[in-house]
Amino acid sequence: MAPEQSNRLFSQEATARILVVDDEPRLVGALASLLRNCGYHVTEAHGGKHACELIDTLRFDLALLDLRMPEVDGFAVMAHLANQQPECGSIVISGESSFTAVSRALRRGALDYVRKPFDPEELIATVKGVVGKQSLLKAHEDIQVRLEKSEALHRYIVNSSPDIVFMLDAGGRFCFINSKVEMLLGYKPAELCGQHFRHILDDRDVAKGAYALNAPDISADNPRTLEIRLKTRGSRRATRHFEITAFPIDPQTWTHNHNTGGSGSGQKACYYGTARDVTERKEAEAFINFQAYHDLLTRLPNRALFKDRLELAITHARRGGQKLAVMFLDLDRFKIINDTLGHAMGDRLLQAVTQRLESCIRKGDTLSRFGGDEFTLLLPSVHGHEDASQIARKLIKTLKAPFLLGEHEVFVGVSIGIAIFPEAGDSMDQLIQNADIAMYHVKARGKDSYRFFSESMSIDSTNRLHLERDLRLALERDELRVFYQPQVCANTNRIVGLEALVRWEHPERGLLYPRDFLNLAEETKLIGQLSEQVLDQACRDVGQWIRAGHQDLRLAVNLSPIEVEHPRFVETLMERVEANKFPPGNLEIEITENVIMNDLEQISQKLRELAGMGVRIAIDDFGTGYSSLNYLHRLPIHTLKVDQSFVQAIRGGADDACIVNAIVAMAHGLKLEIVAEGVETDKQLQYLRTLGCHQVQGFFYGPAQPAADIGKLLAQTRICSAVPS
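As the structure is a computational prediction, the values presented were derived from the model and not from experiment.

Section: helix α27 (residues 682-691)
Looking only at α27, the buried set comprises Gln684, Leu685, Tyr687 and Leu688. Mapping the buried residues of α27 onto a view down its axis gives an arc of 165 degrees, with all of them on the same face. In α27, those exposed residues whose orientation departs by more than 90 degrees from the buried face are Lys683 and Thr690. Gly692 sits one or two residues past α27 and shows a positive phi near 90 degrees.

And the structure:
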């Protein structure tokens, strides 16, 4: 090039007329100032509409424009510029970085693409380069330079793209694919070119993929976008999810078909597309969906999914005139284990229980974790009660074997309530509620069993709800009363102890006995609050009598298994004793053999702690439980209470009283005190005296009485300390 021609081109570059377009006034001003400092003539357009008006009235060599603008966007400005001033070039300065936007801008004639935020030096260099190219094109009338620029930039974008970029011929065979396919799917570009795109489609999505390219409304401005699964190389099972964007190539805008840097087949390209890997997003969506409908601890369906499936099963059963069963399962003794061993062990136990329960159900049944230690089971097709009974028996049986949690061997049971559609309810809520009611009836009758719902249970449940409400009010209104039954020295007829017995002075039903409300108190978790009130009152009453001169008077209290099995049982009991300033040596707690044997290791430790503080231990209803001699000599037990059923057998001599004889003899051998319950006749009393029974209690000395009557009785008697013989 001659020196004068070179100088003329340099002069043209420096005095180039540039249009700066953006809807952000500060950015327009900054760009204009930067370009003016470099000697360019700059016109500012605030938005696409203003830019189109300037293009209609002024001539420009170059336009710098944003893509995202209100009313008239950058693509519309480029189109208007191409119509009005086709010789004017354009550079896109935009924060839009998606491949689709970049590709579309280049197809519309953009000479370069600068991403916001831009580097000023890079921008000036880009503008200078483009203006120089423009000047050269004008000088040599060579528009091929623009095409080369576009191709080079397109080649760079394709080869640097994080997505798979591909071209297909009219038959759907790959004629170009970039190297990203090898990184994502394991195929080399060369081996795919010439292959039909079905070659990498998951078998389940072949029809979907074929339809996509044959859609009637697909075009460059309306590309086809769909999610599809692609196979990885060497495995038909390993698939990844991709978002495909594809459109037909317009021959007028894509007149060349030579290689763009990847492998190509040389065939004429008819479709252009990209494939973006969205596997991680799909997996995240699947996990979120799983969380919404499953319990993460057990991986079982949760309450929401169970209700959906039950609703659907009811619809099918109603349509087909079939029956279905809903079971409500509640684990027995789980709360004790969870509180004792901790929540981590409790979680492990729930997982182990789930595995056993799942082994018992049929394909098509739905086992769900309803919450806490409650499970529900849907049996969508049963012939009658016997089918459900068979499953219930299997569930109970599978949980009978012990569970090993670390070094601990624990036992749980299950109480199951069953509701059959349609006789026990014809709606989802009715079936679940009635199965729940039936389960509570199992709990009230000894647990670890199953029962079917019946209409009578609804009446019982209504009464139970009313009684529960009244019991809560009774605790608030101080309606509980403590009665005392004397424990009398068999030889001297003197009172040596008092057993505290609770009564409820109901405002409408009168005086209620423990059998009327204690089970309900345990089920509703009110037993702790109830026992606390009874113990406080008993400690105050008996403590007052002890301070009045009856120093050896013993207070005996019955404790619920739920209280004894609680991890803080010892601390809670002693806190109440200390709060009432009651001497621990005058306290005797009564527990049953079953409580001890449920968890011998834990209960033994608690009893030793209490004995170490002076508290006496009595085994209540001895002979009706495990009656294992092994624990008697291992534990700090002071007293055996002979159950009244054995005492009442004393009628015709030694043959009828053989169990009492054996218990008394065993107690003497172990140096334990004996209290015989339920003594009603003089004959029973005399027989027990001959056996050497230390103490007796029962109606022979009168029923349990309120504190006022006991106070009068104590004032008339002296206290005798019974010593084991």
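Observations concerning the nonpolar core
The nonpolar side chains of soluble globular proteins are, as a tendency, buried together. Tyr484, Leu555 and Ile589 are the most contacted members of the largest nonpolar core, which has 77 residues in total. Looking at which element gives the most residues to this core, the answer is helix α19 (residues 527-547), with nine residues. Beyond its immediate chain neighbours, meaning those up to four positions away, Ile589 contacts Val557, Leu559, Phe569, Leu573, Leu607, Leu610, Val615, Arg616, Ile617 and Ala618.

Re the packing of aromatic side chains
Enumeration according to the criterion identifies eight aromatic pairs in this entry. For the pair Phe328 and Phe370, a centre-to-centre distance of 5.6 Å together with 75 degrees between the ring planes defines the contact as edge-to-face. Taken together, the positions of Phe328 in strand β12 (residues 323-332) and Phe370 in strand β13 (residues 366-371) put the pair 42 residues apart, joining distant regions of the chain. Ring geometry for Phe700 and Tyr701: centres 5.1 Å apart, planes at 85 degrees, overall edge-to-face. An aromatic cluster of at least three residues, connected via ring pairs, comprises Phe306, Phe328 and Phe370. The positively charged end of Arg303 is found above the aromatic ring belonging to Phe370, 4.1 Å away from the centroid. Between Arg356 and the ring centre of Phe403, over which it is positioned, the NZ or CZ distance is 3.6 Å.

Concerning the sheet that holds strand β2 (residues 41-46)
Within the open sheet, the five strands sit side by side as β2-β1-β3-β4-β5. Their pairing is parallel. The strands lining the two open edges of the sheet, one partner per strand, are β2 and β5 (112-115). Looking at each pair of strands side by side, their axes are set apart by 20 degrees on average, direction ignored. Pairing analysis gives four bridges linking strand β4 (residues 89-94) to β5, with the strands arranged parallel. Within the sheet, the bridge partner assigned to Ile91 lies in β5 and is Asp112. Packed onto the sheet, helix α2 (residues 25-37) meets β1 (17-22), β2, β3 (62-65) and β4 and runs at close to 175 degrees relative to β2.

Points about the packing of helix α21 (residues 569-579) against helix α23 (residues 600-612)
Their axes nearest at 10 Å, the elements α21 and α23 cross at an angle of 25 degrees. The pairing of α21 with α23 is recorded here as roughly parallel in orientation. For the pair α21 and α23, the sense of crossing is right-handed. Counting all contacts with α21, which are made through Phe569, Val570, Leu573 and Met574, the residues of α23 involved are Lys606, Glu609 and Leu610. Partitioning the contact of α21 with α23 into residue classes produces five nonpolar, no polar and two charged.

Here's the deal with a nonpolar patch on the surface
Residues Phe287, Ile288 and Leu296 make up a contiguous nonpolar surface patch of roughly 290 Å² in combined accessible area. Locating Phe287 in the fold gives a position in helix α11 (residues 279-293). Using a relative accessible area of 42% as the deciding quantity, one classes Phe287 as partly exposed.

Side note on the environment of Arg472
Structurally, Arg472 is set in helix α17 (residues 455-477). Residue class for Arg472 comes out partly exposed when judged on its relative accessible area of 37%. With residues near it in sequence (within four places) discarded, Arg472 still touches Thr524 and Leu526.

A word on the environment of Asp426
Considering the arrangement of structural elements, one finds Asp426 in the loop between β17 (413-421) and α16 (428-444). The class of Asp426 is partly exposed, set by a relative accessible area of 44%. For the pair Asp426 and Thr315, spaced 111 residues apart in the sequence, the C-alpha separation amounts to 9.9 Å. Discounting chain neighbours no more than four positions away, the residues touching Asp426 are Ile314, Arg318 and Phe421.

Let's talk about the sheet that holds strand β14 (residues 374-382)
Strands in a sheet are paired, the pairing made by backbone hydrogen bonds, and the direction either parallel or antiparallel. With mixed pairing, five strands are arranged side by side in an open sheet as β13-β14-β12-β17-β18. Strand pairing shows two members of the sheet lacking a second neighbour, β13 and β18 (450-452), which therefore form its edges. Here the strands of the sheet are splayed against their neighbours by 20 degrees on average, with no regard to which way each runs. As defined by bridge partners, β13 adjoins β14 across five bridges and the pair is classed as antiparallel. Pairing of Thr366 across the sheet is with Leu378, part of β14. Across the sheet, α16 touches β12, β13, β17 and β18, and the angle it forms with β17 is around 140 degrees.

Analysis parameters
- Residues numbered from 1 in each chain as written.
- Predicted model: local features only at pLDDT ≥ 70, side-chain atom pairs only at ≥ 80, totals over all residues.
- Heavy atoms only, no water.
- Buried < 20%, exposed > 50% of the residue type's maximum accessible area, 1.4 Å probe, protein only.
- Helix = DSSP H or I, 4+ residues; strand = E, 2+ residues; numbered from the N terminus.
- Arc of directions from axis to C-beta.
- Core = buried A, V, L, I, M, F, W, Y, C linked by side-chain atoms within 4.5 Å.
- Contact = heavy atoms within 4.5 Å.
- Phe/Tyr/Trp six-rings, centres within 6.5 Å; stacked < 30°, edge-to-face > 60°.
- Lys NZ or Arg CZ within 6 Å of the ring centre and 35° of its normal.
- Pairing = 2+ DSSP bridges.
- Axes fitted to C-alpha atoms, helices over the stretch in contact; angles between N-to-C directions.
- Parallel < 35°, antiparallel > 145°, perpendicular 65-115°, else oblique.
- Left-handed = near helix turned anticlockwise from the far one by under 90°.
- Nonpolar A, V, L, I, M, F, W, Y, C, P; charged D, E, K, R; others polar.
- Patch = residues over 30% accessible without salt bridge, like charges linked within 9 Å, V, L, I, M, F, W, Y side chains within 5 Å.
- Areas by Shrake-Rupley, 256 points an atom, 1.4 Å probe, with all protein chains shown as cover.
- Salt bridge = Lys/Arg side-chain N within 4 Å of Asp/Glu carboxyl O.

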